[in-house]
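Here is how the chains run, residue by residue.
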Amino acid sequence: MLRLGVNIDHVATIRNARGTPWPDPLRAAKLAEEAGADGITAHLREDRRHISDHDIDRLMAELHLPLNLEMAATPEMQAIALRHRPHAVCIVPEKREERTTEGGLDVAGNEAFLADFIAPLRNAGCRVSLFIGHEARQIEAAARIGAAVVELHTGAYCDFDTEGRPAERDLELEALRKAAAQAHLLGLEVHAGHGLTFDTVGPIAAIPELRELNIGHFLIAESVFLGLGPAIREMRSRMDVAPG
């Protein structure tokens, strides 16, 4: 069955807007587990704009689900990951001025650096994932440096759908399908995520090589109206009925 990882970053965004302890990301993670999530994702950004170091401490101490720690490829983040040794580490590109992660890693252009960066994480027992676009050369580079997983960036596909550009959306979807097939043939586990909604998740979930989707912002947004548990259960049901 296709796994669902729930990203809790934006529970922390709401909390930090008022500087209170509420809403609590750990409570959200526990609710996600009750609703059928298979894992929890949290992005510890360099600027700490949402998830904090204390959040990671608490998640590692109290969470029963596997934690997927998203982070930039910096010495500080590597040290944090090596101290905690989460189930998975997903390396993402990061810019201070961006509102959210805007694209995939340039693995092919930074192959030697990233190979050295992920080696200690692999040796510590973390499953290393690289957040990339669907370009063939990025997938090939990810396989060469020894990543266990690639997570394909679905943001453009979702944006084209939201903007009412179906021809471009369908081209992007086909590119993601080809990328998933290529990554699988190279021995990589294939995940996907970014911007997925109830309306866009079905065609992505139907890609046969995919093993996990990571979804956050939309679920937190829908929880305002539905509650977090019902929003996750609805997403789970739409993933499960996707043909594949």
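Residues numbered from 1 in each chain as written. Predicted model: local features only at pLDDT ≥ 70, side-chain atom pairs only at ≥ 80, totals over all residues. Heavy atoms only, no water.

Further remarks concern a nonpolar patch on the surface. Together, Val224, Phe225 and Leu226 line one region of the surface with nonpolar side chains, adding up to about 360 Å² of accessible area. Position of Leu226 among the secondary structure elements: in helix α10 (residues 217-226). (Patch = residues over 30% accessible without salt bridge, like charges linked within 9 Å, V, L, I, M, F, W, Y side chains within 5 Å. Areas by Shrake-Rupley, 256 points an atom, 1.4 Å probe, with all protein chains shown as cover. Salt bridge = Lys/Arg side-chain N within 4 Å of Asp/Glu carboxyl O. Helix = DSSP H or I, 4+ residues; strand = E, 2+ residues; numbered from the N terminus.)

Time to look at the nonpolar core. One recurring pattern in soluble globular proteins: nonpolar side chains tend to sit buried together. Counting residues in hydrophobic clusters, the biggest one holds 74 residues, and the most contacted among them are Ile91, Leu130, Ile204 and Leu213. With sequence-adjacent residues up to four places away left out, Leu213 is seen in contact with Leu2, Arg3, Leu4, Gly5, Ala192, Leu196, Val201, Ile204, Ala205 and Met239. (Core = buried A, V, L, I, M, F, W, Y, C linked by side-chain atoms within 4.5 Å. Buried < 20%, exposed > 50% of the residue type's maximum accessible area, 1.4 Å probe, protein only. Contact = heavy atoms within 4.5 Å.)

All right, on to the UniProt feature "binding site: 1-deoxy-D-xylulose 5-phosphate" (unreviewed entry) in the chain then. In this numbering, the UniProt entry assigns the feature "binding site: 1-deoxy-D-xylulose 5-phosphate" (unreviewed entry) to Asp9, His10, Arg45, His50 and Thr100. One polar contact links the side chain of His50 to the main-chain carbonyl oxygen of His43, over a distance of 3.4 Å. (UniProt positions renumbered as here; feature names shortened; annotations may be inferred. Polar contact = N/O pair within 3.5 Å; in protein donor to acceptor, adjacent residues only side chain to side chain.)

Glancing now at the pairing of strand β5 (residues 127-132). Across the six residues of β5, five count as buried, placing the element largely inside the fold. Bridge count for strand β4 (residues 88-91) against β5 is four bridges, and the pairing is parallel. Looking at β5, one finds that Ile91 is bridged to Leu130. Bridging between β5 and strand β6 (residues 149-153) involves four bridges; their strand directions are parallel. (Pairing = 2+ DSSP bridges.)

The N-to-C vectors of α10 and helix α11 (residues 228-240) enclose an angle of 125 degrees; their axes lie 7 Å apart at closest approach. Considering the angle they form, α10 stands oblique to α11. Note on packing geometry: the crossing formed by α10 with α11 is right-handed. Only Leu228, Pro230, Ala231, Ile232 and Met235 of α11 make contact with α10, whose side of the interface consists of Phe218, Leu219, Ile220, Glu222, Ser223 and Leu226. Residues of the contact of α10 with α11, tallied by class, amount to nine nonpolar, one polar and one charged. (Axes fitted to C-alpha atoms, helices over the stretch in contact; angles between N-to-C directions. Parallel < 35°, antiparallel > 145°, perpendicular 65-115°, else oblique. Left-handed = near helix turned anticlockwise from the far one by under 90°. Nonpolar A, V, L, I, M, F, W, Y, C, P; charged D, E, K, R; others polar.)

This next bit is on the pattern of salt bridges. Pairing between side chains of opposite charge can happen when their charged atoms approach one another. Inspection of every chain in the model, using the stated rule, returns 20 salt bridges. Arg137 is paired through a salt bridge with Asp106; the nearest N and O atoms lie 3.9 Å apart. A residue pair is termed long-range when its members are at least 10 positions apart, and Arg137 in helix α6 (residues 136-144) and Asp106 in the loop between β4 and α5 (111-123) qualify at 31 residues. Residue classification places Arg137 among the partly exposed residues on the basis of a relative accessible area of 49%.

With that out of the way, let us pick up the side chain of Gln138. When you line up the elements, Gln138 lands in helix α6. By relative accessible area, Gln138 is classed as buried at 5%. At 2.7 Å, the side chain of Gln138 and the backbone nitrogen of Val107 are in polar contact. In terms of polar contacts, Gln138 uses its side chain to reach the backbone amide nitrogen of Ala108, at 2.9 Å.

Let's shift gears to the packing of helix α7 (residues 155-162) against helix α8 (residues 166-185). At their nearest, the axes of α7 and α8 sit 8 Å apart, and the two run at 160 degrees to each other. Judged by the inter-axis angle, α7 sits roughly antiparallel to α8. The two elements α7 and α8 cross, and the hand of that crossing is left-handed. Where α7 approaches α8, its residues Ala156, Tyr157, Phe160 and Asp161 are matched on the opposing element by Glu168, Arg169, Glu172, Leu173 and Leu176.

This part takes up the state of the cysteines. If you walk through the whole model with that rule in mind, you get zero disulfides. For Cys126, which is in no disulfide, the shortest distance to another cysteine sulfur is to Cys90 and amounts to 12 Å. Looking at Cys126, the relative accessible area reads 5%, which means it is buried. Of all cysteine sulfurs, the one in Cys90 lies closest to Cys158, which takes part in no disulfide; the gap is 16 Å. Accessibility expressed as a relative area gives 3% for Cys158, which makes it buried. (Disulfide = S-S within 2.5 Å.)

Before going further, it helps to examine α10. Taken together, the buried positions of α10 are occupied by Phe218, Leu219, Ile220 and Glu222. In this structure, the buried residues of α10 make contact with β1 (3-7), α1 (9-18), β8 (210-215) and α11. Once α10 finishes, Gly227 follows within two positions and takes phi at roughly 95 degrees, a positive value.

Strand order in the closed barrel formed by eight strands is β1-β2-β3-β4-β5-β6-β7-β8, and the pairing between neighbours is parallel. The sheet shows a mean angle of 25 degrees between the axes of neighbouring strands, direction not considered. Here β1 runs beside β8; their pairing, made up of four bridges, is parallel. Directly across from Arg3, in β8, lies its bridge partner Glu212.

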